[in-house]
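Topology and contacts: notes
Listed below are the residues making up each chain.
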Amino acid sequence: METLGRNDRTLVEGASGIYLVNDKGEKLIDGPGGMWCTQIGYGREEMAQAMAEQARQLAYFSPFSNTNSTAARFAREIAKRAPGDLNHVFFTTGGSTAVDTAIRFVQFRNNLLGRPEKKIIISRQKAYHGSTYLAASVSGKERDRLWLDKADDLTHFLPDVNPLYRAKDQTVEDFLNDKVADLENAIQTLGADKVAAFIAEPILASGGVIVPPAGYHKRCLEVCHRHDVLYISDEVVTAFGRLGHWFASEDVFGIKPDIITCAKGLTSGYSPMGALIVSDRLIDDVAGRDATFSNGYTYSGHPVSAAVGLKNMEIIEREGLLDHVRQVTPVFQSHLQELSQIDIVADTRGMGLMGCVQCSESGDAQSDLARDYQLGAMIDAECQKRGLILRPIVNMCVFSPPLIISEAEIHQMFDILKAGITAAMNAVSAVWQT
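Residues numbered from 1 in each chain as written. Predicted model: local features only at pLDDT ≥ 70, side-chain atom pairs only at ≥ 80, totals over all residues. Heavy atoms only, no water.

Some points on the packing of aromatic side chains
Evaluated as defined, the whole model comprises twelve aromatic pairs. Ring centres of F90 and F293 lie 5.9 Å apart, and the angle between their planes is 75°; on these two criteria the pair is classed as edge-to-face. With F90 in strand β4 (residues 86-92) and F293 in the loop between α9 (280-286) and α10 (303-318), this residue pair connects regions lying 203 residues apart in the sequence. A ring pair is formed by F399 and F414, whose centres lie 5.5 Å apart and whose planes are at 85°; its orientation type is edge-to-face. In this pair, F399 sits in strand β15 (residues 396-399) while F414 sits in helix α13 (residues 407-433), placing the two residues 15 residues apart along the sequence. According to the relative accessible area criterion, F399 is buried, its value standing at 1%. Judged by relative accessible area, F414 falls into the buried class, the value being 3%. One aromatic cluster is present, formed by F90, F105, F108 and F293 through successive ring pairs. (Phe/Tyr/Trp six-rings, centres within 6.5 Å; stacked < 30°, edge-to-face > 60°. Helix = DSSP H or I, 4+ residues; strand = E, 2+ residues; numbered from the N terminus. Buried < 20%, exposed > 50% of the residue type's maximum accessible area, 1.4 Å probe, protein only.)

This is the structure we're talking about:
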């Protein structure tokens, strides 16, 4: 707010492939892939055609008491690719409303089962699940929570799951045991009759691409099921190819959650849409009852968005983009790790085509917040001058490029990133020393 009306923002006026074009005609690699979402890249003529054809035939229908074959086919294709018995798809307008709907469904189910007190949602510090009221209430990014109200009685937050901040003498295995114990202890303390669900991102994306220790999600799922607590896997970022699979929950992390939320890569950003995917078991608990799940959106199952989603899936499969991501991931992650050699780099972490470089004045995990902001902004500016857009989160450089990125483009992206970090390091060092 302090710079309201004086922000100097990049005007993005065009895009093609992995590149954005600003108002000066300069091409910039889209490091964040839009907002984790432009899986198939920009400028796809067949996506525009799919949108136009659907709009000509049927631009909109009311989902109140109707449906549409395009939306129904899209739901079927999603269910075919979802793990386990997650076969029921509820379309929303985006990731936030998908998470809101998940929480409301959990509440709805417990009310019907005669358990009105079983409502607490357990989440994690640094987690991000959206900006609608319920989704924001279960989000744990501390600076996002400073000035806006939230449902504090609904949520219990567990400590940070980032291995970077474990005690110096603590092994990753011991850290993992502590993080799993966090969940079990919370359920036992709050009461299993009060805890409804645990919501977790496979990778905490907006928190800084935090990758929990191996085995974390599988053990947390076991804890949840042992105490009759539902497991919601928030795959708004990780689904639809970001880690080289349609969904990361089972194929990457070995779990079959009770509920999955997704959005972003669902349509590659060409049209807004989100989805809640629910298991047969949970639907069986509410089916046939004299009750209405009165949670819906004007644009649920929007036919144009559904047509975009179907075409997006077709392109991903036809071009083998899931295989491509798995093939280029070692190159991407190798370049990422090489950046740890720069003096101000405190940590490099990632998985699939997701990465984060965390920097600080001293190169340590513990740092000064004001200088972190300054350093992050400087790196962002230096990279943009060289042709790369990043997503700066305080002192973290976050990136998740379109899945179509080639090995040559990966080399180029990391060359720019290395040069930008180095230039920023030299610039701010000179300022701080004076």
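Next comes the rest of the write-up.
A closer look at the sheet that holds strand β13 (residues 388-389)
Read across the open sheet, the four strands follow the order β1-β2-β3-β13; overall the sheet is mixed. Of all the strands in the sheet, the pair left with one neighbour each is β1 (12-16) and β13. Note: strand β3 (residues 27-30) against β13, two bridges, orientation parallel. Of the residues in β13, the one forming a bridge with D30 is I389. (Pairing = 2+ DSSP bridges.)

Observations regarding the packing of helix α2 (residues 45-57) against α10
Two numbers describe how α2 lies on α10: the axes approach to 9 Å, and their chain directions differ by 150°. It follows that α2 is roughly antiparallel to α10 by the angle criterion. Of the two elements, α2 crosses α10, and the hand of that crossing is right-handed. Of the residues in α10, those in contact with E46, M47, A50, M51, Q54 and A55 of α2 are P303, V304, A307, V308, K311, N312, E314, I315 and R318. (Axes fitted to C-alpha atoms, helices over the stretch in contact; angles between N-to-C directions. Parallel < 35°, antiparallel > 145°, perpendicular 65-115°, else oblique. Left-handed = near helix turned anticlockwise from the far one by under 90°. Contact = heavy atoms within 4.5 Å.)

Side note on a nonpolar patch on the surface
Together, L146, W147 and L148 give the surface a local cluster of nonpolar side chains, amounting to about 460 Å² of exposed area. If you trace the backbone, L148 turns up in the loop between α5 (133-137) and β6 (155-158). Since its relative accessible area comes to 61%, L148 is described here as exposed. (Patch = residues over 30% accessible without salt bridge, like charges linked within 9 Å, V, L, I, M, F, W, Y side chains within 5 Å. Areas by Shrake-Rupley, 256 points an atom, 1.4 Å probe, with all protein chains shown as cover. Salt bridge = Lys/Arg side-chain N within 4 Å of Asp/Glu carboxyl O.)

Structural notes on the packing of helix α3 (residues 69-81) against α10
Look at α3 against α10: their axes get within 8 Å of each other, and the N-to-C directions meet at 40°. Taken together, the axes of α3 and α10 lie oblique to each other. Crossing angle aside, the handedness with which α3 passes α10 is left-handed. Across the interface between the two elements, T70, A71, R73, F74, E77, I78 and R81 of α3 pack against P303, A306, A307, G309, L310, M313 and E317 of α10.

Notes on the side chain of S123
Looking at the secondary structure, you find S123 in strand β5 (residues 120-124). Polar contacts involving the side chain of S123 include one to the main-chain carbonyl oxygen of V138, which spans 2.7 Å. (Polar contact = N/O pair within 3.5 Å; in protein donor to acceptor, adjacent residues only side chain to side chain.)

Topic: the pairing of β5
The element β5 is extensively covered by neighbouring structure, given that five of its five residues are classed as buried. Burial along β5 is two-sided: the residues I120, I122 and R124 and I121 and S123 are all buried. Two strands pair when backbone bridges link them, and β5 and strand β7 (residues 195-200) are joined in this way by three bridges, in the parallel orientation. Bridge pairing in β7 places I121 opposite A197.

Description of helix α7 (residues 216-226)
Buried within α7 we find Y216, H217, C220, L221, V223 and C224. Burial along α7 is one-sided: seen end-on, the buried residues are contained in an arc of 160°. In this structure, the buried residues of α7 make contact with β5, α6 (172-190), β7 and β8 (230-234). Positive phi shows up at D228, right after α7, with a value of about 55°. (Arc of directions from axis to C-beta.)

Observations regarding the nonpolar core
In this structure, V357, I379, F399, F414, L417 and I421 are the most contacted members of the largest nonpolar core, which totals 34 residues. At the level of elements, α11 (321-338), β12 (354-359), α12 (369-385), β15 and α13 are the ones that each hand at least two residues to this core. Take this core: its biggest share by element is ten residues, from α13. Here V357 is in contact with L336, L339, V345, D347, T348, N395, M396, C397, F399, L417 and I421, once residues within four sequence places are set aside. In terms of nonpolar packing, the next biggest core, distinct from the first, is built from 27 residues, I78, A82, A275 and M313 among them. (Core = buried A, V, L, I, M, F, W, Y, C linked by side-chain atoms within 4.5 Å.)

Section: the environment of R281
Here R281 is to be found in helix α9. Along the sequence, R281 and T10 sit 271 residues apart, while their C-alpha atoms lie 48 Å from each other. Setting aside residues no more than four positions away along its own chain, R281 makes contact with D85, R109, L230 and D258. Of the polar contacts made by the side chain of R281, one reaches the side chain of D258; its length is 2.7 Å.

What to know about the sheet that holds β7
With mixed pairing, the seven strands of this open sheet are ordered in space as β4-β10-β9-β8-β7-β5-β6. Unpaired on one side and paired on the other, β4 and β6 mark the two borders of the sheet. The average undirected angle you get between the axes of adjacent strands in this sheet is 20°. Set on the sheet, helix α4 (residues 95-112) makes contact with β4, β5, β7, β8, β9 (259-262) and β10 (274-279); between it and β9 the angle comes to about 155°.

Things to note about unusual backbone geometry
Residue V209 is not a glycine yet carries a positive backbone phi of 50°. Counting through the fold element by element, V209 comes out in the loop between β7 and α7. Judged by relative accessible area, V209 falls into the buried class, the value being 0%. You will see that F240, though not glycine, has its phi angle at about 65°, which is positive.

Distances and angles like these do not, on their own, reveal function.
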